[in-house]
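Single-letter residue listing:
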Amino acid sequence: MACRVQHSMQNSLWFLSSSRFYSTIQSQNVRSKNPKYFCKKLLSSSSFSKGVRHCSATASYTDANINHSNAESFVLTTPLYYVNAPPHMGSAYTTIAADAIARFQRLLRKKVIFITGTDEHGEKIAGAAAANGSSPREHCDSVSQAYKLLWRDLDIAYDKFIRTTDSKHEALVKEFYSKVLANGDIYRADYEGLYCVNCEEYKDEKELLENNCCPMHLKPCVRRKEDNYFFALSKYQKRLEDTLTENPDFVQPSFRLNEVQGWIKSGLRDFSISRASVDWGIAVPNDDKQTIYVWFDALLGYISALLDDKEKPNLQTAISSGWPASLHLIGKDILRFHAVYWPAMLMSAGLSLPKMVFGHGFLTKDGLKMGKSLGNTLEPTDLVHRFGSDAVRYFFLKEVEFGSDGDYSEDRFINIINAHLANTIGNLLNRTLGLLKKNCQSTLATDSAIAAEGNALKDTVEKLVKFAYEKSHSSLLGKGHAEKARKHYENLELSSACEAVLEIGNAGNVYIDGQAPWSLFKQGGSAFETAAKDLVIVLEALRIIAIALSPITPSLCLRIYTQLGYSEDQFNAVTWNDTKWGGLKCGQVMAQPNPVFGRIELETEAKNAGDSTNKASKKMNKTPKTQKAVEA
């Protein structure tokens, strides 16, 4: 499902043909006192008609300057989700964020490999399968498919989906285990301790709550004694400390780094990497009575995913296909495994470390972390079926500061989506296209670059979204404004990126309200021409919004882009460079206005009882109803 990274010719033909047409119009003194004559002449011009015929065809080409094999790579991963139960909103949140980051990196013309998948071994999986009356394999197949279906509904454009039950993964895990063993970092020993089945981890007693309850899952840990194989984690304490000191960006946000450094400084203990009591797993090489510990198994999925299915599975082939990862995106509850255990394992095997581990916060409900083990999940499938993928993606990425905890409230969800997507962006597009249709037969009267010369809205947009590449195209920058949206995306500040793009929509609404083109059209003459230019300026701002917000709301932005007269292929071919002002050209025909995002309305079910009962029922019995926006 990888998005193609292409450069579109978009409107080069528009420019050539409409330039001829515009010169013709000027020579015929179209700029007369008769505004209706202005638009009629525009539409009847033979040069314009030819331009329309030329430009209605899709023109999408791979940029000759982009050799994908030489492009900078960007490999990012979500966790491999544990399939003991169907996906929940916490899993969806991580994946939505990863998808937005991947889409942004593709806009920068990078070779993106976006990895997700499912972790399918371990005691919990076998137990869940038995409880459902199915085999572990049947259970894993069913839940893994549920993840794929949800990712489809949420517009997740992943490149690789790895399952830890894949044969290529098993081969790599065994090879990796053998390398670590050969390095002298695996030994056999007895171990007794308190074990959390849900965490799949032995716990220190000082970590536990009353009655030896796990602080994460609030369930008692069980005492176990096993003869297992251990990984010599303590051997790598100094190297891990040095890594974090020399590369403080390795763990982000910074307060997560402090947490990891605290764990390491308190002293690292070797940990068990096999289980004698678990049958559902990958057998330890040369000891089929034990299976490899689920985390020692699952973490290797980030590497095995890089293999093509037809390739012979070996570590060297996988590593050469994209490792090290640019970004591991995880929830903070599995930070220890990714920021302590995993780097030490890679060091032991002589492999490079990922460039960054980013631990985001929890989504809460009633003040508690949402999770399968606690049974208080917010169902993402229900949300996306009720409100659509764009609404779900936008709310959680805009309203939750990435890295911190965030809370869901349905009233807040509906208010935000209506205000930002339906009103600020959707209604601005709809009423602007409505005015264009009514007064200019849906046709642009001038180039957006010409219309906006010396215009304040253009300056505002360029402050919020800058198109030049700072590193590879620094000569294009000049003394331009500091970028906001791009900088926020690059820094994983997804909420701030949304805010920067929303500011463009707010500025567009202020501009059109201040200019009042509906009044200028009625005045005729030069006022009519000013109004026609104002519409071009606002629509150009919306074109830029459609690109800059596309990592967050891809389906909505596609609808905006096609309303502006482009094809889906042209939308799929845009890059961040296309946020440069000046994309819309004279003579370009817009689509007929059709609301791109409907308001979510609340229906109130009042009971036929007393006034006090009615008031209470109005607050409690609210069901959302999506309704199309009224054309302005």
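Calculation notes
- Residues numbered from 1 in each chain as written.
- Predicted model: local features only at pLDDT ≥ 70, side-chain atom pairs only at ≥ 80, totals over all residues.
- Heavy atoms only, no water.
- Helix = DSSP H or I, 4+ residues; strand = E, 2+ residues; numbered from the N terminus.
- Buried < 20%, exposed > 50% of the residue type's maximum accessible area, 1.4 Å probe, protein only.
- Contact = heavy atoms within 4.5 Å.
- Areas by Shrake-Rupley, 256 points an atom, 1.4 Å probe, with all protein chains shown as cover.
- 1 Å grid on protein atoms, 1.4 Å probe; cavity = no way out; pocket = protein on both sides within 12 Å on 5 of 7 lines; lining within 4 Å.
- Points joined across faces, edges and corners; volume = space filled by probe spheres on them.
- Nonpolar A, V, L, I, M, F, W, Y, C, P; charged D, E, K, R; others polar.
- Axes fitted to C-alpha atoms, helices over the stretch in contact; angles between N-to-C directions.
- Parallel < 35°, antiparallel > 145°, perpendicular 65-115°, else oblique.
- Left-handed = near helix turned anticlockwise from the far one by under 90°.
- Pairing = 2+ DSSP bridges.
- Core = buried A, V, L, I, M, F, W, Y, C linked by side-chain atoms within 4.5 Å.
- pLDDT = per-residue confidence, 0-100.
- Polar contact = N/O pair within 3.5 Å; in protein donor to acceptor, adjacent residues only side chain to side chain.
- Salt bridge = Lys/Arg side-chain N within 4 Å of Asp/Glu carboxyl O.
- Arc of directions from axis to C-beta.

## Focus: the overall build of the chain
Moving on, step 1. For the chain, the count of helices and strands is 25 helices and 20 strands.
Moving on, step 2. Per-residue burial for the chain yields a buried fraction of 56% across its 632 residues.
Moving on, step 3. Of the contacts formed within the chain by residues at least 6 apart in sequence, a portion of 77% connects residues at least 24 apart.
Moving on, step 4. Carbon and sulfur atoms make up 48% of the accessible area of the chain, which totals about 26600 Å².

## A word on empty space enclosed by the protein
A probe as big as a water molecule, rolled over the atoms, marks out the empty space that is left.
Moving on, step 1. If you walk through the whole model with that rule in mind, you get three cavities of 30 Å³ or more.
Moving on, step 2. Space inside the largest cavity adds up to approximately 60 Å³.
Moving on, step 3. Considering the residues around the largest cavity, the lining is formed by 13 residues, among which Gly122, Arg275, Val278, Ile292 and Val294 are closest to the centre.
Moving on, step 4. Looking at side-chain class alone, the lining of the largest cavity contains six nonpolar, four polar and three charged residues.

## Observations regarding the packing of helix 22 (residues 525-548) against helix 23 (residues 554-563)
Moving on, step 1. At their nearest, the axes of helix 22 and helix 23 sit 8 Å apart, and the two run at 150° to each other. Classified by the angle between their axes, helix 22 and helix 23 sit roughly antiparallel to one another. At the point where helix 22 passes helix 23, the crossing takes the left-handed sense. Across the interface between the two elements, Leu542, Arg543, Ile545, Ala546 and Ile547 from helix 22 touch Cys557, Ile560 and Tyr561 from helix 23.
Moving on, step 2. Tallied by class, the residues present in the contact of helix 22 with helix 23 amount to seven nonpolar, no polar and one charged.

## Looking at the sheet that holds strand 12 (residues 283-284)
Moving on, step 1. Judged by pairing direction, the sheet is antiparallel, and its three strands sit side by side in the order 11-13-12 without closing on themselves. Each edge of the sheet is formed by a strand with only one pairing partner; in this case those strands are strand 11 (274-275) and strand 12.
Moving on, step 2. Across two bridges, the pairing between strand 11 and strand 13 (residues 287-292) is antiparallel. Counterpart to Ser274 in the pairing with strand 13 is Ile292.

## Overview of the pairing of strand 15 (residues 357-360)
Regular strands place side chains that alternate from one sheet face to the opposite one.
Moving on, step 1. Side-chain alternation along strand 15 places Val357 and Gly359 on one buried face and Phe358 and His360 on a second face that is also buried.
Moving on, step 2. Summarising the sheet, strand 9 (residues 251-252) and strand 15 pair through two bridges and their orientation is parallel. The residue bridging Gln252 from the neighbouring strand is Phe358, located in strand 15.
Moving on, step 3. Relative to strand 15, strand 14 (residues 327-331) runs parallel, the two being bridged by four bridges.

## What about the packing of helix 20 (residues 494-515) against helix 22?
Moving on, step 1. Contact pair helix 20 / helix 22: the axes reach a minimum separation of 10 Å and the direction vectors enclose 170°. Compared by their axis directions, helix 20 and helix 22 come out roughly antiparallel. Contacts between helix 20 and helix 22 involve Val501, Ile504, Gly505, Gly508, Tyr511, Ile512 and Gln515 from the former and Thr530, Asp534, Leu535, Ile537, Val538, Ala541, Ile544, Ile545 and Ala548 from the latter.
Moving on, step 2. Partitioned by chemical class, the residues of the contact of helix 20 with helix 22 number eleven nonpolar, four polar and one charged.

## Concerning the nonpolar core
Grouped burial of nonpolar side chains is what soluble globular proteins tend to show.
Moving on, step 1. Of all hydrophobic cores here, the largest spans 175 residues; its most connected members are Trp151, Phe176, Ile303, Phe396, Phe413 and Leu539.
Moving on, step 2. Sorting elements by how many residues they give to this core places helix 22 first, with 16 residues.
Moving on, step 3. Discounting residues that sit within four places of it in the chain, Trp151 has contacts with Tyr81, Ser91, Ala92, Thr95, Thr116, Ile156, Tyr158 and Phe161.
Moving on, step 4. Judged by nonpolar contacts, the second largest core, of six residues, contains Leu194, Cys199, Cys214 and Cys221.

## Observations regarding the confidence of the model for the chain
Moving on, step 1. Averaged over all residues, the pLDDT of the chain is 83; the fraction at 70 or higher stands at 80%.
Moving on, step 2. Predicted confidence for residues 467-482 stays below pLDDT 50, and this span has 25 contacts to residues more than four positions away or in other chains.
Moving on, step 3. Counting interchain partners and residues more than four positions distant, the pLDDT-below-50 stretch residues 604-632 has 54 contacts.

## Describing the side chain of Thr116
Moving on, step 1. Take Thr116: it is sitting in strand 4 (residues 111-119).
Moving on, step 2. Residue classification places Thr116 among the buried residues on the basis of a relative accessible area of 0%.
Moving on, step 3. Within the structure, Thr116 has its side chain in polar contact with the side chain of Thr78 (distance 2.7 Å).
Moving on, step 4. If we ignore the near neighbours within four places in the chain, the residues touching Thr116 are Thr78, Pro79, Leu80, Tyr81, Trp151, Tyr158, Lys160, Phe161 and Ile162.

## As for the environment of Gln515
Moving on, step 1. Examined against the element boundaries, Gln515 turns out to sit in helix 20.
Moving on, step 2. Between the C-alpha atoms of Gln515 and Leu535, which are 20 residues apart in sequence, the distance is 9.8 Å.
Moving on, step 3. Among residues more than four places away in sequence, those in contact with Gln515 are Leu520, Thr530 and Asp534.
Moving on, step 4. A distance of 3.0 Å separates a polar atom in the side chain of Gln515 from a polar atom in the side chain of Asp534.

## Comments concerning the pattern of salt bridges
Moving on, step 1. Summed over all chains, the structure comprises 27 salt bridges.
Moving on, step 2. Of the charged contacts in the structure, one is a salt bridge between Asp185 and Lys235, with a shortest N-O distance of 2.7 Å. One end of the pair, Asp185, is in the loop between helix 7 (167-182) and strand 6 (186-196); the other, Lys235, is in the loop between strand 8 (222-231) and helix 8 (237-246), with 50 residues separating them in the sequence.
Moving on, step 3. Of the charged contacts in the structure, one is a salt bridge between Glu503 and Lys484, with a shortest N-O distance of 3.3 Å. Here Glu503 is found in helix 20, whereas its partner Lys484 is found in the loop between helix 18 (456-464) and helix 19 (485-490), with 19 residues between them in sequence.

## Brief notes about unusual backbone geometry
Moving on, step 1. In this chain, Gln252 is followed by Pro253 through a cis amide linkage whose omega measures -10°.
Moving on, step 2. Tracing the backbone shows Pro253 in the loop between strand 9 and helix 9 (254-265).
Moving on, step 3. A cis amide bond links Trp323 to the next residue, Pro324, at an omega of 10°.
Moving on, step 4. The topology assignment puts Pro324 in the loop between helix 12 (315-319) and strand 14.
Moving on, step 5. Of note in the backbone geometry, Gln441 takes a positive phi value of approximately 50° without being a glycine.
Moving on, step 6. In this structure, Gln441 sits in the loop between helix 16 (410-440) and helix 17 (448-451).
Moving on, step 7. In this model, Ser442 sits at a positive phi of 65°, which is unusual for a non-glycine residue.
Moving on, step 8. By the secondary structure assignment, Ser442 is in the loop between helix 16 and helix 17.

## Focus: helix 14 (residues 380-387)
Moving on, step 1. All buried positions along helix 14 are accounted for by Pro380, Leu383, Val384 and Phe387. Seen end-on, helix 14 carries its buried residues on one side only, within an arc spanning 90°.

## Describing the environment of Leu209
Moving on, step 1. For Leu209, the location among the structural elements is in the loop between strand 7 (201-203) and strand 8.
Moving on, step 2. The exposure class of Leu209 is partly exposed, given its relative accessible area of 42%.
Moving on, step 3. Each C-alpha atom of the pair Leu209 and Pro220 lies 8.7 Å from the other, and the pair is eleven residues apart in sequence.
Moving on, step 4. Discounting chain neighbours no more than four positions away, the residues touching Leu209 are Cys214, Pro215 and Leu218.

## Section: the sheet that holds strand 3 (residues 73-82)
Moving on, step 1. If you trace the six strands from one edge of the open sheet to the other, you get 5-4-3-14-15-9, paired in parallel fashion. Each of the sheet's edge strands pairs with one partner strand only, and the pair in question is strand 5 (160-163) and strand 9.
Moving on, step 2. In terms of strand pairing, strand 3 meets strand 4 through eight bridges, oriented parallel. Directly across from Leu80, in strand 4, lies its bridge partner Gly117.
Moving on, step 3. Here helix 13 (residues 335-349) sits on the sheet and contacts strand 9, strand 14 and strand 15; the angle it forms with strand 14, its principal contact strand, is near 140°.

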